[in-house]
Amino acid sequence: MAEPFFSFARNLYDCSNEAGLRWMMERKPLHGVYLNTKINSISLEDYSSEDGRRGPEWVYGWIQGRGLESIVTHLKSSRCKSNSLTVQMHARASSLYSALNSLLSDSGHAYFCYDKLMQPAWNSPHQPPSFNLYDSQIYTYSDVFFAKGLIAASVHFNSKQTMTHVRYLAEIISSIEENRFQIDESIPANAQALERQPNSYGPRMILLGAANLLQMFGQSNASFFADRFINYILDRHLDQPTSLLRDHIGGDSCNPGHAIEFVGFSLEYLPADADPGLIAILEKILLASFYGGFKGPGICLDISIQTGCTTSSYYPWWSLPEAIRAAALLYNRTHSVASLTVWRVAHEAFFRSYWRTSPPIAFQTLTADGPVDFVPATSDLDPGYHTGLSLLCASKIAEICEKSST
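Residues numbered from 1 in each chain as written. Predicted model: local features only at pLDDT ≥ 70, side-chain atom pairs only at ≥ 80, totals over all residues. Heavy atoms only, no water.

Asker: What should I look at first to understand the overall build of the protein in this one?
Answerer: Helices and strands together make up the secondary structure of the protein, namely 13 helices and ten strands. Compactness check: the protein gives a C-alpha radius of gyration of 20 Å against a globular reference of 22 Å for 406 residues, within 12% of the reference. Seen along its three principal axes, the alpha-carbon backbone of the protein occupies a region of about 55 × 50 × 45 Å. Burial analysis of the protein (406 residues in total) assigns 59% to the buried set. A separation of at least 24 residues holds for 71% of the contacts in the protein among residues at least 6 apart in sequence. Surface summary for the protein: the accessible area is close to 16200 Å², and the carbon and sulfur share equals 51%. Positive and negative side-chain charges in the protein, numbering 31 and 39 respectively, have mean positions lying 4 Å apart. (Helix = DSSP H or I, 4+ residues; strand = E, 2+ residues; numbered from the N terminus. Rg over C-alpha atoms; globule rule 2.2 N^0.38 Å. Buried < 20%, exposed > 50% of the residue type's maximum accessible area, 1.4 Å probe, protein only. Contact = heavy atoms within 4.5 Å. Areas by Shrake-Rupley, 256 points an atom, 1.4 Å probe, with all protein chains shown as cover. Lys, Arg positive; Asp, Glu negative; His and termini not counted. Charge placed at Lys NZ, Arg CZ, Asp CG, Glu CD.)

Asker: What exactly am I supposed to notice about the packing of aromatic side chains here?
Answerer: Two measures describe an aromatic ring pair: the distance that separates the ring centres and the angle between the ring planes. Within this structure, the stated rule accounts for 22 aromatic pairs. Measuring from ring centre to ring centre gives 5.3 Å for Tyr-141 and Phe-181, while their planes differ by 75°; the resulting arrangement is edge-to-face. Linking Tyr-141 in helix H4 (residues 141–157) with Phe-181 in the loop between helix H5 (162–177) and helix H6 (191–196), this pair joins segments that are 40 residues apart in sequence. Cluster of aromatic residues (ring-pair linked, three or more members): Tyr-60, Trp-62, Phe-112, Tyr-141, Phe-145, Phe-181 and Tyr-385. A cation over a ring is seen here: Lys-76 above Phe-217, with NZ or CZ 5.4 Å from the ring centre. Across from the ring centre of Tyr-232, 3.6 Å away, lies the NZ or CZ of Arg-204, which sits over that ring. (Phe/Tyr/Trp six-rings, centres within 6.5 Å; stacked < 30°, edge-to-face > 60°. Lys NZ or Arg CZ within 6 Å of the ring centre and 35° of its normal.)

Asker: What should I look at first to understand unusual backbone geometry in this one?
Answerer: With omega at 0°, the peptide bond leading from Ser-358 into Pro-359 counts as cis. As for its position among the elements, Pro-359 is in the loop between helix H12 (337–353) and strand E9 (365–367). One non-glycine residue, Leu-44, lies in positive phi territory at about 65°. Inspection of the secondary structure assignment puts Leu-44 in the loop between helix H1 (3–26) and strand E1 (59–60). A positive phi angle, close to 55°, is found at His-335, a residue other than glycine. Here His-335 shows up in the loop between helix H11 (319–334) and H12.

Asker: Explain the sheet that holds strand E3 (residues 120–121) to me, please; I cannot follow it from the model alone.
Answerer: Strand pairing in a sheet is mediated by backbone hydrogen bonds. Such pairs are either parallel or antiparallel. The three strands lie next to each other as E1-E2-E3, forming an open sheet whose pairing is antiparallel. Only two strands of the sheet have a single neighbouring strand rather than two, namely E1 and E3. Strand direction decides the pairing type here: E1 and strand E2 (residues 113–114), joined by two bridges, are antiparallel. Directly across from Val-59, in E2, lies its bridge partner Tyr-114. (Pairing = 2+ DSSP bridges.)

Asker: Sorry, what's going on with the pattern of salt bridges here?
Answerer: Using the criterion set out here, one finds 14 salt bridges in the structure. The salt bridge partner of Asp-46 is Arg-27, with a shortest N-O separation of 3.0 Å. Within this pair, whereas Asp-46 is found in the loop between H1 and E1, its partner Arg-27 is found in the loop between H1 and E1, the two being separated by 19 residues in sequence. For Arg-27, a relative accessible area of 13% corresponds to the buried category. Residues Glu-348 and Arg-352 are paired through a salt bridge, measuring 2.2 Å at the closest nitrogen-oxygen approach. (Salt bridge = Lys/Arg side-chain N within 4 Å of Asp/Glu carboxyl O.)

Asker: Even after reading the chapter, I still don't get helix H3 (residues 83–107), so can you show me in this structure?
Answerer: Residues spaced three or four apart along an α-helix face the same direction, because each turn holds 3.6 residues. In this model, H3 (25 residues) spans 37 Å end to end at C-alpha, consistent with the 36 Å of a helix rising 1.5 Å per residue. What H3 keeps buried is the set Leu-85, Met-89, Arg-92, Ala-93, Leu-96, Tyr-97, Ala-99, Leu-100, Asn-101, Leu-103 and Leu-104. Among the structural elements, H1, helix H2 (61–77), E2, H4 and H5 are those in contact with the buried residues of H3. A positive backbone phi angle near 85° is found at Gly-108, which sits one or two residues after H3. (Expected span 1.5 Å × (residues − 1).)

Here is the structure:
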(Lines give C-alpha, C1' and ligand atoms only; values in the text may rest on other atoms or scores of the structure.)
Protein backbone atom coordinates (compact mmCIF):
# COMPACT_ATOMS: atom_id res chain seq x y z
CA MET A 1 0.00 0.00 0.00
CA ALA A 2 2.80 2.44 0.87
CA GLU A 3 5.08 1.66 -2.07
CA PRO A 4 3.55 4.17 -4.53
CA PHE A 5 3.91 6.93 -1.95
CA PHE A 6 7.62 6.26 -1.48
CA SER A 7 8.33 6.37 -5.20
CA PHE A 8 6.18 9.45 -5.74
CA ALA A 9 7.68 11.28 -2.74
CA ARG A 10 11.27 10.51 -3.70
CA ASN A 11 10.80 11.81 -7.23
CA LEU A 12 9.00 14.93 -6.05
CA TYR A 13 11.63 15.70 -3.40
CA ASP A 14 14.50 15.26 -5.85
CA CYS A 15 12.83 17.37 -8.55
CA SER A 16 11.89 20.10 -6.09
CA ASN A 17 15.38 20.26 -4.67
CA GLU A 18 17.05 20.35 -8.05
CA ALA A 19 14.70 23.10 -9.23
CA GLY A 20 15.28 25.09 -6.05
CA LEU A 21 19.06 24.80 -6.31
CA ARG A 22 19.04 25.80 -9.98
CA TRP A 23 16.86 28.83 -9.19
CA MET A 24 19.26 29.89 -6.44
CA MET A 25 22.35 29.40 -8.62
CA GLU A 26 20.87 31.43 -11.46
CA ARG A 27 20.11 34.48 -9.34
CA LYS A 28 22.64 37.32 -9.42
CA PRO A 29 24.84 36.97 -6.31
CA LEU A 30 25.09 39.72 -3.70
CA HIS A 31 28.45 41.53 -3.77
CA GLY A 32 29.43 39.09 -6.51
CA VAL A 33 29.59 36.08 -4.18
CA TYR A 34 26.76 35.79 -1.62
CA LEU A 35 23.57 33.81 -2.18
CA ASN A 36 20.63 35.96 -3.25
CA THR A 37 17.20 34.74 -2.16
CA LYS A 38 15.84 38.25 -1.65
CA ILE A 39 12.40 37.86 -3.14
CA ASN A 40 8.93 38.39 -1.70
CA SER A 41 7.38 34.93 -1.51
CA ILE A 42 3.88 36.36 -2.07
CA SER A 43 4.32 38.99 -4.80
CA LEU A 44 7.40 37.28 -6.30
CA GLU A 45 9.02 40.68 -6.65
CA ASP A 46 12.71 41.06 -5.88
CA TYR A 47 13.45 43.22 -2.89
CA SER A 48 15.19 46.50 -3.70
CA SER A 49 17.10 49.12 -1.74
CA GLU A 50 13.74 50.74 -0.98
CA ASP A 51 12.86 47.71 1.15
CA GLY A 52 15.42 48.59 3.80
CA ARG A 53 16.97 45.58 5.51
CA ARG A 54 15.18 43.23 3.18
CA GLY A 55 17.07 44.74 0.27
CA PRO A 56 20.25 43.69 -1.55
CA GLU A 57 22.54 45.97 0.47
CA TRP A 58 22.12 43.76 3.53
CA VAL A 59 23.65 40.29 3.80
CA TYR A 60 22.41 37.86 6.44
CA GLY A 61 25.03 35.63 8.02
CA TRP A 62 22.39 33.06 8.99
CA ILE A 63 21.34 32.61 5.38
CA GLN A 64 24.85 32.42 3.96
CA GLY A 65 26.02 29.82 6.48
CA ARG A 66 22.89 27.75 5.98
CA GLY A 67 23.17 28.05 2.22
CA LEU A 68 26.78 26.90 2.20
CA GLU A 69 25.92 23.84 4.29
CA SER A 70 22.99 23.08 2.03
CA ILE A 71 24.88 23.34 -1.27
CA VAL A 72 27.80 21.23 -0.07
CA THR A 73 25.52 18.58 1.46
CA HIS A 74 23.58 18.34 -1.80
CA LEU A 75 26.87 18.01 -3.68
CA LYS A 76 27.95 15.19 -1.37
CA SER A 77 24.65 13.37 -1.89
CA SER A 78 25.28 13.15 -5.66
CA ARG A 79 21.52 13.18 -6.30
CA CYS A 80 21.62 16.10 -8.71
CA LYS A 81 21.13 14.75 -12.26
CA SER A 82 22.41 17.85 -14.04
CA ASN A 83 26.17 17.99 -14.58
CA SER A 84 26.03 21.70 -15.42
CA LEU A 85 24.14 22.46 -12.20
CA THR A 86 26.65 20.43 -10.21
CA VAL A 87 29.52 22.43 -11.71
CA GLN A 88 27.68 25.65 -10.90
CA MET A 89 27.05 24.58 -7.30
CA HIS A 90 30.67 23.57 -6.83
CA ALA A 91 31.94 26.94 -8.05
CA ARG A 92 29.47 28.93 -5.95
CA ALA A 93 30.18 26.89 -2.84
CA SER A 94 33.92 27.35 -3.28
CA SER A 95 33.70 31.13 -3.57
CA LEU A 96 31.16 31.37 -0.73
CA TYR A 97 33.38 29.26 1.51
CA SER A 98 36.29 31.64 0.90
CA ALA A 99 34.09 34.68 1.57
CA LEU A 100 32.63 33.36 4.83
CA ASN A 101 36.04 32.17 6.02
CA SER A 102 37.39 35.66 5.38
CA LEU A 103 34.49 37.29 7.23
CA LEU A 104 35.10 35.05 10.22
CA SER A 105 38.83 35.77 10.21
CA ASP A 106 38.14 39.50 10.48
CA SER A 107 36.65 39.28 13.97
CA GLY A 108 36.56 35.67 15.12
CA HIS A 109 32.76 35.72 15.01
CA ALA A 110 29.88 35.52 12.56
CA TYR A 111 27.09 38.08 12.58
CA PHE A 112 23.39 37.94 11.85
CA CYS A 113 23.49 40.88 9.45
CA TYR A 114 26.12 42.80 7.45
CA ASP A 115 25.74 46.22 5.82
CA LYS A 116 26.73 47.27 2.31
CA LEU A 117 30.38 47.52 3.39
CA MET A 118 30.14 44.00 4.89
CA GLN A 119 30.49 45.43 8.39
CA PRO A 120 28.40 43.74 11.11
CA ALA A 121 25.08 45.40 11.81
CA TRP A 122 22.70 44.38 14.56
CA ASN A 123 19.39 42.89 13.56
CA SER A 124 17.77 45.96 15.07
CA PRO A 125 18.26 49.06 12.88
CA HIS A 126 18.42 51.13 16.09
CA GLN A 127 21.81 49.64 17.01
CA PRO A 128 24.84 51.16 15.23
CA PRO A 129 27.25 48.77 13.48
CA SER A 130 30.20 48.24 15.81
CA PHE A 131 32.48 45.42 16.86
CA ASN A 132 32.76 47.23 20.21
CA LEU A 133 29.22 46.23 21.11
CA TYR A 134 30.21 42.57 20.98
CA ASP A 135 31.74 40.56 23.83
CA SER A 136 34.15 38.22 22.05
CA GLN A 137 33.49 35.44 24.56
CA ILE A 138 29.82 35.30 23.61
CA TYR A 139 28.60 33.20 20.68
CA THR A 140 25.31 33.25 18.76
CA TYR A 141 23.28 31.29 16.23
CA SER A 142 25.17 33.04 13.45
CA ASP A 143 28.35 31.41 14.73
CA VAL A 144 26.60 28.04 14.62
CA PHE A 145 25.51 28.38 11.00
CA PHE A 146 28.90 29.65 9.88
CA ALA A 147 30.68 26.79 11.66
CA LYS A 148 28.45 24.13 10.11
CA GLY A 149 28.82 25.55 6.62
CA LEU A 150 32.57 26.00 6.93
CA ILE A 151 33.13 22.46 8.22
CA ALA A 152 31.13 20.93 5.38
CA ALA A 153 32.74 23.09 2.70
CA SER A 154 36.31 22.71 3.97
CA VAL A 155 36.17 18.97 3.35
CA HIS A 156 35.62 19.76 -0.33
CA PHE A 157 37.83 22.81 -0.77
CA ASN A 158 40.49 23.00 1.93
CA SER A 159 40.74 19.95 4.19
CA LYS A 160 43.71 21.48 6.03
CA GLN A 161 41.24 23.98 7.53
CA THR A 162 38.66 21.45 8.68
CA MET A 163 40.02 21.05 12.20
CA THR A 164 40.19 24.82 12.59
CA HIS A 165 36.46 24.97 11.90
CA VAL A 166 35.79 22.00 14.18
CA ARG A 167 37.59 23.86 17.00
CA TYR A 168 35.40 26.89 16.27
CA LEU A 169 32.36 24.65 16.68
CA ALA A 170 33.79 23.28 19.93
CA GLU A 171 34.04 26.85 21.27
CA ILE A 172 30.39 27.38 20.46
CA ILE A 173 29.45 24.16 22.26
CA SER A 174 31.44 25.29 25.31
CA SER A 175 29.72 28.68 25.22
CA ILE A 176 26.32 26.99 25.49
CA GLU A 177 27.34 24.84 28.43
CA GLU A 178 29.03 27.79 30.14
CA ASN A 179 26.14 30.23 29.60
CA ARG A 180 28.05 32.34 27.06
CA PHE A 181 25.59 31.85 24.20
CA GLN A 182 23.21 34.72 23.37
CA ILE A 183 19.97 33.91 21.58
CA ASP A 184 18.79 37.42 20.74
CA GLU A 185 20.95 38.92 18.00
CA SER A 186 18.98 42.15 17.78
CA ILE A 187 20.82 43.61 20.79
CA PRO A 188 24.48 43.96 21.78
CA ALA A 189 26.03 40.76 23.10
CA ASN A 190 27.04 41.22 26.73
CA ALA A 191 26.75 39.73 30.20
CA GLN A 192 23.63 41.76 31.02
CA ALA A 193 21.77 40.32 28.04
CA LEU A 194 22.79 36.79 29.03
CA GLU A 195 21.45 37.29 32.54
CA ARG A 196 18.06 38.37 31.21
CA GLN A 197 17.52 35.63 28.64
CA PRO A 198 15.37 32.61 29.55
CA ASN A 199 16.78 29.09 29.56
CA SER A 200 15.87 27.88 26.08
CA TYR A 201 16.73 24.52 24.51
CA GLY A 202 17.05 26.20 21.11
CA PRO A 203 20.87 26.46 21.01
CA ARG A 204 21.34 22.82 21.96
CA MET A 205 18.71 21.74 19.46
CA ILE A 206 20.33 23.65 16.58
CA LEU A 207 23.77 22.28 17.51
CA LEU A 208 22.39 18.74 17.25
CA GLY A 209 22.25 19.36 13.50
CA ALA A 210 26.01 19.71 13.56
CA ALA A 211 26.44 16.24 15.07
CA ASN A 212 25.15 14.41 12.00
CA LEU A 213 27.07 16.80 9.76
CA LEU A 214 30.30 15.96 11.60
CA GLN A 215 29.63 12.25 11.12
CA MET A 216 28.78 12.79 7.44
CA PHE A 217 32.00 14.67 6.77
CA GLY A 218 34.39 12.36 8.63
CA GLN A 219 34.53 14.04 12.07
CA SER A 220 32.55 11.54 14.16
CA ASN A 221 34.82 11.92 17.19
CA ALA A 222 33.71 15.54 17.52
CA SER A 223 29.99 14.66 17.56
CA PHE A 224 29.59 13.08 20.98
CA PHE A 225 28.42 16.32 22.60
CA ALA A 226 25.05 15.42 21.05
CA ASP A 227 24.43 12.73 23.67
CA ARG A 228 24.74 15.34 26.43
CA PHE A 229 22.48 17.76 24.57
CA ILE A 230 19.74 15.19 23.92
CA ASN A 231 19.72 14.13 27.58
CA TYR A 232 19.76 17.75 28.75
CA ILE A 233 16.72 18.65 26.64
CA LEU A 234 14.74 15.57 27.65
CA ASP A 235 15.59 15.97 31.34
CA ARG A 236 14.76 19.69 31.59
CA HIS A 237 12.31 20.59 28.82
CA LEU A 238 10.12 17.53 28.27
CA ASP A 239 6.64 17.80 29.78
CA GLN A 240 5.95 14.16 30.57
CA PRO A 241 2.11 14.29 30.64
CA THR A 242 1.86 15.85 27.17
CA SER A 243 5.17 14.78 25.53
CA LEU A 244 5.65 18.42 24.46
CA LEU A 245 8.88 20.38 24.88
CA ARG A 246 8.81 23.59 26.89
CA ASP A 247 10.58 26.36 25.03
CA HIS A 248 11.95 27.64 28.34
CA ILE A 249 12.37 25.84 31.63
CA GLY A 250 9.29 26.56 33.73
CA GLY A 251 7.41 28.16 30.83
CA ASP A 252 4.11 27.19 29.19
CA SER A 253 4.96 27.88 25.55
CA CYS A 254 5.88 25.15 23.07
CA ASN A 255 7.11 25.82 19.54
CA PRO A 256 6.04 22.53 17.93
CA GLY A 257 8.27 23.09 14.91
CA HIS A 258 11.35 23.33 17.11
CA ALA A 259 10.35 20.17 18.95
CA ILE A 260 9.94 18.36 15.63
CA GLU A 261 13.31 19.68 14.49
CA PHE A 262 14.84 18.31 17.70
CA VAL A 263 13.41 14.87 16.91
CA GLY A 264 14.80 14.93 13.37
CA PHE A 265 18.29 16.06 14.38
CA SER A 266 18.40 13.48 17.17
CA LEU A 267 17.38 10.64 14.87
CA GLU A 268 19.92 11.63 12.23
CA TYR A 269 22.66 11.49 14.86
CA LEU A 270 21.69 8.38 16.85
CA PRO A 271 23.16 5.02 15.76
CA ALA A 272 21.05 2.24 14.31
CA ASP A 273 21.21 0.36 17.62
CA ALA A 274 20.10 3.31 19.76
CA ASP A 275 18.08 2.60 22.89
CA PRO A 276 14.54 1.64 21.75
CA GLY A 277 13.20 3.46 24.80
CA LEU A 278 14.76 6.71 23.58
CA ILE A 279 13.34 6.19 20.09
CA ALA A 280 9.90 5.66 21.64
CA ILE A 281 10.21 8.97 23.53
CA LEU A 282 11.21 10.78 20.34
CA GLU A 283 8.20 9.31 18.54
CA LYS A 284 5.88 10.54 21.31
CA ILE A 285 7.38 14.03 21.01
CA LEU A 286 6.90 14.00 17.24
CA LEU A 287 3.28 12.88 17.44
CA ALA A 288 2.38 15.29 20.25
CA SER A 289 4.10 18.23 18.59
CA PHE A 290 2.73 17.55 15.12
CA TYR A 291 -0.88 16.99 16.09
CA GLY A 292 -0.73 19.69 18.75
CA GLY A 293 0.46 22.25 16.23
CA PHE A 294 -1.21 21.11 13.01
CA LYS A 295 -4.45 23.04 13.34
CA GLY A 296 -4.58 25.07 10.14
CA PRO A 297 -2.76 25.12 6.82
CA GLY A 298 0.43 23.99 8.55
CA ILE A 299 2.04 23.80 11.98
CA CYS A 300 1.45 26.85 14.13
CA LEU A 301 4.26 28.83 15.68
CA ASP A 302 3.27 28.33 19.33
CA ILE A 303 0.91 26.34 21.51
CA SER A 304 0.16 26.36 25.23
CA ILE A 305 1.29 23.22 27.01
CA GLN A 306 -1.32 23.68 29.71
CA THR A 307 -4.34 24.15 27.43
CA GLY A 308 -3.16 22.72 24.11
CA CYS A 309 -4.51 25.85 22.39
CA THR A 310 -2.65 27.70 19.68
CA THR A 311 -1.19 31.00 20.88
CA SER A 312 -0.15 32.27 17.45
CA SER A 313 -2.05 32.71 14.20
CA TYR A 314 1.12 32.17 12.13
CA TYR A 315 2.00 28.93 10.33
CA PRO A 316 5.59 29.15 9.02
CA TRP A 317 6.68 26.94 6.12
CA TRP A 318 9.76 25.36 7.69
CA SER A 319 8.10 23.14 10.28
CA LEU A 320 6.39 20.98 7.64
CA PRO A 321 9.56 19.85 5.81
CA GLU A 322 11.12 19.31 9.24
CA ALA A 323 8.13 17.08 10.06
CA ILE A 324 8.62 15.21 6.79
CA ARG A 325 12.25 14.53 7.73
CA ALA A 326 11.56 13.54 11.34
CA ALA A 327 8.66 11.27 10.42
CA ALA A 328 10.63 9.61 7.62
CA LEU A 329 13.55 8.96 9.98
CA LEU A 330 11.21 7.48 12.56
CA TYR A 331 9.44 5.31 10.03
CA ASN A 332 12.78 3.97 8.83
CA ARG A 333 13.49 2.78 12.37
CA THR A 334 10.07 1.71 13.64
CA HIS A 335 7.89 1.11 10.53
CA SER A 336 5.03 2.44 12.63
CA VAL A 337 1.78 3.46 11.01
CA ALA A 338 1.75 6.57 13.20
CA SER A 339 5.04 7.95 11.89
CA LEU A 340 4.15 7.11 8.28
CA THR A 341 0.86 8.95 8.72
CA VAL A 342 2.63 12.08 9.93
CA TRP A 343 4.98 11.82 6.95
CA ARG A 344 2.07 11.63 4.52
CA VAL A 345 0.04 14.42 6.16
CA ALA A 346 3.01 16.80 6.40
CA HIS A 347 3.98 16.01 2.80
CA GLU A 348 0.49 16.70 1.48
CA ALA A 349 0.10 19.94 3.46
CA PHE A 350 3.46 21.35 2.39
CA PHE A 351 3.04 20.73 -1.32
CA ARG A 352 -0.63 21.74 -1.30
CA SER A 353 -0.39 24.99 0.66
CA TYR A 354 3.22 26.24 0.67
CA TRP A 355 5.27 25.07 -2.31
CA ARG A 356 4.87 27.35 -5.34
CA THR A 357 6.71 25.31 -8.06
CA SER A 358 7.22 28.34 -10.32
CA PRO A 359 9.46 29.67 -8.97
CA PRO A 360 10.46 26.70 -6.78
CA ILE A 361 10.06 28.44 -3.42
CA ALA A 362 7.67 28.24 -0.47
CA PHE A 363 5.44 30.88 1.03
CA GLN A 364 7.27 31.92 4.20
CA THR A 365 4.19 32.14 6.40
CA LEU A 366 0.48 31.43 6.18
CA THR A 367 -2.46 32.17 8.43
CA ALA A 368 -5.86 30.51 8.25
CA ASP A 369 -6.72 33.13 5.61
CA GLY A 370 -3.73 32.47 3.36
CA PRO A 371 -0.21 33.86 2.77
CA VAL A 372 0.86 36.75 4.99
CA ASP A 373 3.93 38.98 4.98
CA PHE A 374 5.39 37.77 8.26
CA VAL A 375 9.12 36.98 8.48
CA PRO A 376 9.94 34.01 10.77
CA ALA A 377 13.67 34.82 11.12
CA THR A 378 15.14 36.51 8.05
CA SER A 379 13.43 38.13 5.08
CA ASP A 380 15.73 36.20 2.72
CA LEU A 381 14.06 32.99 1.60
CA ASP A 382 15.28 29.57 2.66
CA PRO A 383 18.53 28.71 0.79
CA GLY A 384 17.78 24.99 0.62
CA TYR A 385 18.27 24.50 4.37
CA HIS A 386 14.97 23.68 6.11
CA THR A 387 13.29 22.65 2.88
CA GLY A 388 16.17 21.26 0.84
CA LEU A 389 18.03 19.32 3.53
CA SER A 390 14.80 17.92 5.00
CA LEU A 391 13.57 16.72 1.61
CA LEU A 392 17.02 15.33 0.77
CA CYS A 393 16.98 13.21 3.92
CA ALA A 394 13.42 12.04 3.28
CA SER A 395 14.27 11.20 -0.34
CA LYS A 396 17.06 8.89 0.78
CA ILE A 397 14.73 7.13 3.21
CA ALA A 398 11.97 6.84 0.61
CA GLU A 399 14.48 5.13 -1.67
CA ILE A 400 15.38 2.67 1.10
CA CYS A 401 11.68 1.98 1.70
CA GLU A 402 11.13 1.43 -2.02
CA LYS A 403 13.87 -1.16 -2.20
CA SER A 404 12.80 -2.97 0.96
CA SER A 405 9.21 -3.30 -0.27
CA THR A 406 10.12 -4.88 -3.61
